[in-house]
Every structure is written in structure tokens, then in C-alpha cells.
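# An overview of the molecular structure
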Amino acid sequence: GNSINASIGRFYFEPTNYLGTYFNEADEMYSRYFWNYSCETTPDNTWDYADACWDLNFSIPAFAGGYTLDAGLDPAYQDVFTAGYRHRINNVMAAGVTFVYRTQDQQIDVYDPTWSGDYYITNVPKQSDFDESVKFMEYSAIMFDFEKRFSADRISILANYTYTFNQNVWNSSSWRDLFGWTFTDPDQMNSMWYGRSESPHLFKFYGSYIAPWNMVFGINFTYTSGNVGTPFVAGDYGSVPLAERGSYEYGSRNWTDFYIEQPFSFKGVTIAIYANVFRLFDQQLVINRQMNSNASSFEEPTSWQSPRAYQLGFKFEF
């Protein structure tokens, strides 16, 4: 009844969908000009000023087409390794442990290291931009889980605890969602923007009990060691980190949801009335904090958990 399992795989994927539009061909050009202060301003229409009054910044095909495509573009992929052990305690209970490691060296995305507007679709990050080899994403974690199936005692339980050793990824992304346009200005490409996107501890518990008269009671409990942030200051192009990404923890959070349901059956049809109480204890703990070190509200909370909420509903089963 016990088991040992492991897997290893390489998973290729196509470029992010939004990149497809940038392969379009278009005859119309989009040009950006800047005033060069060589002409005297008058009440006349700005568009009537001579061409010599303006300097061309860049010109690319309109409708998002015409972006330069790297002829040596490599496919993007993630390597994933898992290993685990599951122990059968008895006929209705089991517990297990699983280790997960995943890594991605490169992503296919838009690249503009000088913020010129002349975009280049290539593999990022570019190692030549950094002092050391930097991956696009790396994640490793260990998860412990416990399961008790519904049985004669009318109780079922699911619980798991995950500790993440690291889930490093570039600014604006999480290891679950890899966002684009990260390498389009010098400030975003600061190597300290590569770091942790979440806190290390996550615990979840779900339990339910069905009373002899078929009333259902359920409870969900979640604990996390909280979101993480990165102190920064305004730069020439965006934000400049003052420490490695994710080095600041906002504080732990937890919340509890409660559920109750009473079914009524009649000639093969069941009508159930149910109620949810979300965030039962109404803690409203801190989710985010001000990370701009120049702001007077630096490190002060900027958002909180939602307050307690109630839901009443009914459902048909047939």
C-alpha cells in the first residue's frame, strides 16, 4: 500500500500569445519625434512647424508589426523533477512527502536594453547584461500532505504544508505566471530584480463532517508567512531595487472559512440550502506595504485582507 514515485521531464511551450501580433507585416510607420528647441514657438498650430524643429527618436511599422525577430531564437522550455513517498496508514488515511524542482533558463520575449523603442524579440535574460549567469525562473519546494477519506465516522480531512526553498523569478512575475516586457529598460534589468516572489511557508487544511441527519459542516483554514516586497527608489526609467527582490516580508496571514449545508430529498430530487462565512474571524491582516523608500509612508500598509463576508444559496441535485 505504500509507494515511491519520481518523474523528470522537459516541457516546451510556444511564445506568450501576445507576441504573435508583433509578427504582423504593416506598411504604415509609427514614428516618435522630440522637440529639439531649435525653433521659436508661436501661437501657430504645432503641426505646422518645420521638420527641422523635431528630432526623430525611432520609427517602426504600425499596428505592432515589424518588430525584429532573432534569427537564432531558441525554443523555451522548463525542466521539472519530482520525487515522493506516500505511506498508507490504514484503509482511509494516508500521508506523503513530495519534492519538486523546476527551472527555466530562458523565455521568449521583447528585449530593449537601452529603452530606445526599437524592440527585439529574442531569448531573455541575456547573460551578457549581467555579471553572472542568471536563469529566468527557478523553483524548489517540499510538500507534506495528509488525507483522511470519508468513512463511518462521517469525517473527511485534507491538509498540506509546503516549504519553498526558493521561487526566484524576474520582477513583475511569479513562478506560476511569467509576465512579459520585463527586459525593456535598464532599470528593470537590474540583477537584484531577480529573486523570491513569495514567502516560504504555506499551510492549508480542509475538513468536513456530515451529521446523521445529513447536515454538512465544513471548514477551510489557510496560513501563509505573508507576501514579500522589495525596497526601491525611482530610477531614470522605472524603479531601482535597493535589495534583492523578495528580501522584505510583510508579515504572516491566515484566514478561516466556514460552510454549512442542509439537503432535502424528495422523489429523486435534492434541494440543498447552504451558507458560507468567508474570513470568519475578520482579521483584515496586511497584504501589501509601501516599498518606495522615498515615500513618507515607506513600509506602511497599502492593502489588507477583505473583511468578513456572508453568502447564502441553494442548489438542485437530480
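Details of the structure are given in the entry above.
All values reported here derive from a predicted model rather than from experimental measurement. (Residues numbered from 1 in each chain as written. Predicted model: local features only at pLDDT ≥ 70, side-chain atom pairs only at ≥ 80, totals over all residues. Heavy atoms only, no water.)

This next bit is on the sheet that holds strand β8 (residues 120-124). The 3 strands are arranged β4-β8-β7 in an open sheet whose pairing can be described as mixed. At either end of the open sheet lies a strand with only one pairing partner, and these are β4 (68-69) and β7 (107-111). Bridge analysis of β7 against β8 gives 5 bridges, and the strand direction is antiparallel. Residue pairing across strands places Asp109 opposite Thr122, the latter belonging to β8. (Pairing = 2+ DSSP bridges. Helix = DSSP H or I, 4+ residues; strand = E, 2+ residues; numbered from the N terminus.)

Right, let's get into unusual backbone geometry. For the peptide bond that leads from Val124 to Pro125, omega is 0°, which places it in the cis range. Summarising the element assignment, Pro125 is placed in the loop between β8 and β9 (137-148).

A complete count under the given rule lists 8 salt bridges for this structure. Measuring nitrogen to oxygen at the nearest pair gives 3.9 Å for the salt bridge that ties Glu317 to Lys315. Accessibility expressed as a relative area gives 39% for Glu317, which makes it partly exposed. A single network of salt bridges, built from pairs that share partners, joins Arg86, Asp145, Glu147 and Arg149. (Salt bridge = Lys/Arg side-chain N within 4 Å of Asp/Glu carboxyl O. Buried < 20%, exposed > 50% of the residue type's maximum accessible area, 1.4 Å probe, protein only.)

Here strand β13 (residues 216-224) pairs with strand β18 (residues 253-266) via 9 bridges, running antiparallel. Considered in β18, the bridge of Thr224 is made with Arg253. Of the pairings in the sheet, the one linking β18 to strand β19 (residues 269-278) comprises 9 bridges and is antiparallel in character. Across the sheet, Phe258 pairs through a bridge with Val277, a residue of β19.

Moving on to the packing of aromatic side chains. Aromatic ring pairs are defined here through the distance separating the ring centres and the angle between the ring planes. For the coordinates displayed, the defined rule picks out 14 aromatic pairs. For the ring pair Trp170 and Phe183, a centre distance of 5.0 Å and an interplane angle of 70° mean the geometry is edge-to-face. Of this pair, Trp170 sits in the loop between β10 (155-169) and β11 (195-196) while Phe183 sits in the loop between β10 and β11, and the two are 13 residues apart along the sequence. On the accessibility criterion, Trp170 (0% relative accessible area) is buried. On the basis of relative accessible area, Phe183 is assigned to the buried category, the value being 0%. Ring centres of Trp170 and Tyr194 lie 5.6 Å apart, and the angle between their planes is 50°; on these two criteria the pair is classed as tilted. Of this pair, Trp170 sits in the loop between β10 and β11 while Tyr194 is found in the loop between β10 and β11, placing the two residues 24 residues apart along the sequence. For the residue pair Trp170 and Tyr194, the accessibility class agrees, reading buried in each case. Taken together through their ring pairs, the aromatic side chains of Phe136, Trp170, Phe183 and Tyr194 make up a single cluster. (Phe/Tyr/Trp six-rings, centres within 6.5 Å; stacked < 30°, edge-to-face > 60°.)

Turning next to the layout of surface pockets. Taken as a whole, the second largest pocket holds about 300 Å³ of empty space. What lines the second largest pocket is a set of 16 residues, among which Val228, Gly229, Thr230, Arg245 and Tyr250 lie closest to the centre. Residue classes in the lining of the second largest pocket are distributed as 5 nonpolar, 8 polar and 3 charged. (1 Å grid on protein atoms, 1.4 Å probe; cavity = no way out; pocket = protein on both sides within 12 Å on 5 of 7 lines; lining within 4 Å. Points joined across faces, edges and corners; volume = space filled by probe spheres on them. Nonpolar A, V, L, I, M, F, W, Y, C, P; charged D, E, K, R; others polar.)

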